[in-house]
Amino acid sequence: MMMIQLKSITPQIVRNAAKQAYPNHTAATRNRQAITPAASVINYARQQGWCGPIRVKRFPVEKPKREAVGIEYLVALEPHAPTNLFALILFLHTTGRRVGDAIGLKLDDIDLDNATAFIRKTKNGEAATVNLVPVLVDILKDLPTHNGHVFGYRDRRNLYDTLWRSCDRAGIKYLGTHQVGRHSFATALEREGGNSKAIADAGGWKS
C-alpha cells in the first residue's frame, strides 16, 4: 500500500480515494463515509501543527423531491396507527404546523368547545392559535393523555419508528411528518388558489 504524507494530501486525492473506496455508491455515501472523516483527520493534524488545513469539495447530492399527500393517505394510515399518533399526523396535515408544535401541546392549550389549539411558542418565537377540524376534535375528546401532553409524546424521536411501522402495515410510503403535514398543507392551499402570503400566514411561515 502506498503511503502519502499528510501534508501531501490534496482535495483531489481525497475525492479520488472516495470514488475508489465507494465505486458504486451514491454521492451522499462518498461524502459521509470518505470525505468527511478524511477532512476531519487532516484538519485535526493541522491543529497539531503537522500539516496545513484542507477543504474538500463534496460530491453534489440531488435532494429528493418532496411529496404531498391528500386525505386518502390518512384514510389508509388510520387503521394501522395508534390513535394518538394518527391524531398528531392529522393535526399536522390540517394545520400546517411543525411536529415540535404538536408535541409541545398540553391539555390547557386545547379548547375543544371552540375547536382551537394554542401554540405557546413556535419556531419563530411567536404564539399562534390554530383551528382544529371536526374529526380531530372528536378524536381528542376520547384520547387518553400521557405526561400532560395532548398527543402523548415528549420527544419527536419517539414517534418516527412507530410511524414507519404503521406506514408499512398500511402499505403506504413512509414520508415522515414534514411531507405529510406541513408540505402537504401548503400544497393543498396552493392548489386551491392561495397566494404566498396567505399560505405563509396560515402555516406560520415568516416568508
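Here the structure is shown first, and the text comes after it.
Predicted, not measured: the structure shown is a model, and the values here were computed from it.

Things to note about the packing of helix α8 (residues 179–191) against helix α9 (residues 196–203)
- One way to put it is that α8 packs onto α9 with a least axis distance of 10 Å and a crossing angle of 145°. Seen from above, α8 lies across α9 with right-handed handedness. Here α8 contributes Arg182, Phe185, Ala186, Leu189 and Glu190 to the contact with α9, which in turn contributes Ile199, Ala202 and Gly203.
- A per-class count over the contact of α8 with α9 returns five nonpolar, one polar and two charged.

Details of the sheet that holds strand β2 (residues 116–119)
- Taking strand neighbours across the sheet as the criterion, the three strands line up as β1-β2-β3 in an open arrangement whose pairing is antiparallel. Both outer strands of the open sheet, β1 (110–111) and β3 (128–131), are each paired with one neighbouring strand and no more.
- Where β1 and β2 come together, two bridges link them in antiparallel fashion. By the bridge assignment for β2, Asp111 is matched with Thr116.

Some thoughts on the packing of helix α1 (residues 11–21) against helix α2 (residues 27–47)
- Two elements in contact, α1 and α2, have axes separated by 9 Å at closest approach and are oriented at 145°. Considering how the two elements wind past one another, α1 and α2 form a crossing that is right-handed. Contacts between α1 and α2 pair Val14, Arg15, Ala18 and Lys19 from the former with Arg30, Ala34, Ile35, Ala38 and Ile42 from the latter.
- Here the residues of the contact of α1 with α2 are counted per class, giving six nonpolar, no polar and three charged.

Criteria and cut-off values
Residues numbered from 1 in each chain as written. Predicted model: local features only at pLDDT ≥ 70, side-chain atom pairs only at ≥ 80, totals over all residues. Heavy atoms only, no water. Axes fitted to C-alpha atoms, helices over the stretch in contact; angles between N-to-C directions. Helix = DSSP H or I, 4+ residues; strand = E, 2+ residues; numbered from the N terminus. Left-handed = near helix turned anticlockwise from the far one by under 90°. Contact = heavy atoms within 4.5 Å. Nonpolar A, V, L, I, M, F, W, Y, C, P; charged D, E, K, R; others polar. Pairing = 2+ DSSP bridges.

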